[in-house]
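# A closer look at the structure
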Amino acid sequence: MLGVLSPSILRPIAAWMAPPPTYYIDFLGAQTGGLTVTRADATATYFGADGLLATAAANVHRIDHDPLTMARLGLLREPARTNRALYARDLTNAAWVKTSTTADMDQIGLDGVADSASSLTATGDNGTALQTVTVTSAERTLSLYLKRLVGTGTVEITIDNGTTWTDVTSSLSSSAWARVDRTQTLANPVFGVRLGTSGDSVAVDFVQVEDGHCPTSPIATTSASVQRNADAIVLSGAPFNQVWNAAEGTALVEWSMMDAPAASAFPPLLSFNDTGGNERINLFLSEASDGFFLGCVDGGAAQVTGMTVPGAAYDGTVQRIAGAWKLNTIRMAAMGTLSALDTSATIPTVTQMQVGDQASALGPASTPVWFRRIAYWGVRLPDEVLVALTR
């Protein structure tokens, strides 16, 4: 189950004479390490190595890339979301009400396909293209991709029928798509674009209105809303049993995320559990304290509480957390800092490893996470190694 070990992993292993991992995946090398993904739809998108948006088949991993630099970001894991905006790419449709604005379906879209995206051209100052969705009140995020075509006037977006306009002018370029967004709690969102100057024109693609506090990967729609299911990413059965040591172990996960979790959420990064939640070892975050956490539950009883290291970041920073466990000695490190040591915990009986999710009431991550590397050792590594691995 070993992949090719990256230099960032090899250095601390060599420095502290730690054994090589029992199980290792380098998602930056496009490895998937025997993990299975369950996502029963073909609506999940990602950016390929060519910078173009692609759609993954059902139950297929998404190795995502930065569309501007083409750099590989890692394995993308997202929560379920529904795009409520109709005709998300075709603003010529009557679902979009245009005032002092014309729309054409004449742009090369994010997927590189000709005439798959729209253009908006203002025929008067403050021309708008708006759509209304009828739905009960909730926290919602509007996002859309824009590109400047003609002019230099203001470009604004709204999700509350113009009660509030967000100026996104400074984000726009004529050479590349820019994704802009706004989050607001409201019912019946009325959302769209306003062009301040007559004659100005912009390209528009993948307008998205989704319940939640941040944008997720683009979801195409036409005459009805479309749901993308969550990614359930698991190592179980024989592949898990071949590497798992029930008595002791160490796990390392390296990831990045661009948005903070939902308020008071506890996004899981890596979970070893029994599928029911009564037995689990979890590496996770807490939005409330911006901290890294390790949790351990054996027989439904919490064995470790308050094992935390502050300093989690939600701006694309690459982060690392490692946890090590053995009877009466459990500890974690994050970004080179050790937590307190627990000397009384027992070890749960688990049957699988989950990535970005966990079998417990805490639930899945509420924001997209890009997983870069995962490593597991069937031994409890020394504290010094935990520090070295997470620096």
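Report follows, based on the coordinates. (Residues numbered from 1 in each chain as written. Predicted model: local features only at pLDDT ≥ 70, side-chain atom pairs only at ≥ 80, totals over all residues. Heavy atoms only, no water.)

With that out of the way, let us pick up the environment of leucine 130. If you trace the backbone, leucine 130 turns up in strand β11 (residues 127-132). Given the relative accessible area of 16%, leucine 130 is considered buried. C-alpha of leucine 130 to C-alpha of valine 190: the two residues are 60 residues apart in sequence and 6.5 Å apart in space. Setting aside residues no more than four positions away along its own chain, leucine 130 makes contact with Ala95, Trp96, Val97, Thr158, Asn161, Trp165, Val190, Phe191, Gly192 and Val193. (Helix = DSSP H or I, 4+ residues; strand = E, 2+ residues; numbered from the N terminus. Buried < 20%, exposed > 50% of the residue type's maximum accessible area, 1.4 Å probe, protein only. Contact = heavy atoms within 4.5 Å.)

Here the focus is the sheet that holds strand β13 (residues 155-158). Spatially, the five strands line up as an open sheet ordered β8-β11-β16-β13-β14, and their pairing is antiparallel. Edge strands, defined here as strands with exactly one partner in the open sheet, are β8 (97-99) and β14 (166-167). As defined by bridge partners, β13 adjoins strand β16 (residues 190-195) across four bridges and the pair is classed as antiparallel. When the sheet's bridge partners are listed, valine 155 is paired in β16 with leucine 195. (Pairing = 2+ DSSP bridges.)

With the rule as written, the count across this model stands at 19 salt bridges. Notably, a salt bridge pairs arginine 62 with glutamate 78, separated by 2.9 Å at the nearest N-O pair. Note that arginine 62 is positioned in the loop between β4 (53-55) and β5 (63-65) and glutamate 78 in the loop between β6 (72-77) and β7 (81-83), a separation of 16 residues in sequence. An identical accessibility class is assigned to arginine 62 and glutamate 78; each is buried. Residue arginine 148 is joined to aspartate 200 by a salt bridge in which the shortest nitrogen-to-oxygen separation is 3.6 Å. (Salt bridge = Lys/Arg side-chain N within 4 Å of Asp/Glu carboxyl O.)

Scope: geometric values only; no functional claims are made or implied.
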